[in-house]
Amino acid sequence: MAETDLGPVGRTTRRVRVVSSAGIVAAVLLAVLLVPPLVQLDQQAVDLAAKLRPPSWQHPFGTDDVGRDLLLRCVYGLRVSLLVGVVAGLTATVIGTAVGALAAAFGGWTDRVVMRLVDTFSSVPHLLLGIFIVAMFRPGVGPVIVSVALTHWLSTARIVRSEVLSLRSRPFIDAAISGGASRGRVVVRHLLPAVLPQAGLAAVLMVPHAMWHESALSFLGLGLPTHQASLGNLVQTARGSLLAGDWWPTLFPGLFLVIPTLALAGLAGAWRERINPRRRSELML
């Protein structure tokens, strides 16, 4: 649906959603970039005398079960989770774009083999395959990024392949081939630039998905080491406190995970409507 067809209420709602999402993303970026170097505090500092204190002026988010400041821990956890999301999302998008463009550009048996490979990987649940990958390495950021990247390029490959197949029948592609351009040159100079907006949209949508995937792995004890702050680790270590009636060690890390991912999804939705306003179907990442 084009923006002119939304009506005044729809346009206002869309504008509010975009502005609020952009504001949240900007605040998140400022927090993860500026808080660690400006706040000269050790987020691992243990103070057993101040353990499980509720939110206060001194500790706005309260403290955890060993007295560490939860606000600082949440910022560091968001920093790690966002790093994993961005790097894994970009890596998965690059892999998916290359595979999808290769399959569609060459066609024939190459297309059939590549897409059967995609179907085979798609038949295995992402989380199960991700657990299998991280189980082969020591817990850390690198294995989690590899796990997410290798399990989330499939939908991008399908999207790029579909776009390239539709572009192959366009007159400018026929003109380039008639002019003597090789298949590789057509892919690099004409097809890939045309699918970059869709690939970029897939990358943005992949970031919150990768953040949730990292949090799930860390919550299961298979992601980052337990001593390293990540949003999944913070929620996992707060389970006992929640059962004891201490709600803040679980609530604030959960909000730090949910709110930024919703903001990123809101910006991606606005981007999708802008590059293709008459196609509002969701990308199933």
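Residues numbered from 1 in each chain as written. Predicted model: local features only at pLDDT ≥ 70, side-chain atom pairs only at ≥ 80, totals over all residues. Heavy atoms only, no water.

A word on a nonpolar patch on the surface. On the surface, a nonpolar cluster with roughly 790 Å² of combined accessible area is contributed by I24, W212, L242, W247, L251, L255, V258, I259 and L262. At 5 residues, helix 11 (residues 248–275) tops the list of elements feeding residues into the nonpolar patch. Relative to the helices and strands, L242 is located in helix 10 (residues 239–243). Judged by relative accessible area, L242 falls into the partly exposed class, the value being 44%. (Patch = residues over 30% accessible without salt bridge, like charges linked within 9 Å, V, L, I, M, F, W, Y side chains within 5 Å. Areas by Shrake-Rupley, 256 points an atom, 1.4 Å probe, with all protein chains shown as cover. Salt bridge = Lys/Arg side-chain N within 4 Å of Asp/Glu carboxyl O. Helix = DSSP H or I, 4+ residues; strand = E, 2+ residues; numbered from the N terminus. Buried < 20%, exposed > 50% of the residue type's maximum accessible area, 1.4 Å probe, protein only.)

Turning next to the confidence of the model for the chain. Model confidence for the chain is summarised by a mean pLDDT of 80, while 86% of its residues fall at 70 or above. Put simply, helix 7 (residues 171–178) is where the chain has its lowest mean pLDDT, 68, and helix 2 (residues 70–106) is where it has its highest, 88. The model gives residues 277–285 a pLDDT under 50, and that stretch makes 23 contacts with residues more than four places away or in other chains. (pLDDT = per-residue confidence, 0-100. Contact = heavy atoms within 4.5 Å.)

Here the focus is the packing of helix 3 (residues 108–122) against helix 6 (residues 154–168). Where helix 3 meets helix 6, the closest approach of the two axes is 10 Å, and the angle between their N-to-C directions is 145 degrees. The interaxial crossing formed by helix 3 with helix 6 has left-handed handedness. Side by side, helix 3 and helix 6 meet where D111, M115, V118, D119, F121 and S122 of the first sit next to L154, R158 and R161 of the second. Its residues placed into classes, the contact of helix 3 with helix 6 shows 4 nonpolar, 1 polar and 4 charged. (Axes fitted to C-alpha atoms, helices over the stretch in contact; angles between N-to-C directions. Left-handed = near helix turned anticlockwise from the far one by under 90°. Nonpolar A, V, L, I, M, F, W, Y, C, P; charged D, E, K, R; others polar.)

Positive phi outside glycine occurs at L52, with the angle close to 50 degrees. For L52, the location among the structural elements is in the loop between helix 1 (7–38) and helix 2. Judged by relative accessible area, L52 falls into the partly exposed class, the value being 24%.

Before going further, it helps to examine the pattern of salt bridges. For the structure on display, the rule yields 4 salt bridges. Where D111 meets R161, a salt bridge forms, and the shortest distance between an N and an O atom there is 2.8 Å. With a gap of 50 residues between them, D111 in helix 3 and R161 in helix 6 connect regions that are remote in the sequence. Judged by its relative accessible area of 12%, D111 is buried. Since its relative accessible area comes to 22%, R161 is described here as partly exposed. In this structure, R116 engages D119 in a salt bridge whose closest nitrogen and oxygen atoms are separated by 2.9 Å. Of the two residues, R116 and D119 are both situated in helix 3; the distance of 3 residues between them amounts to about one turn of the helix.

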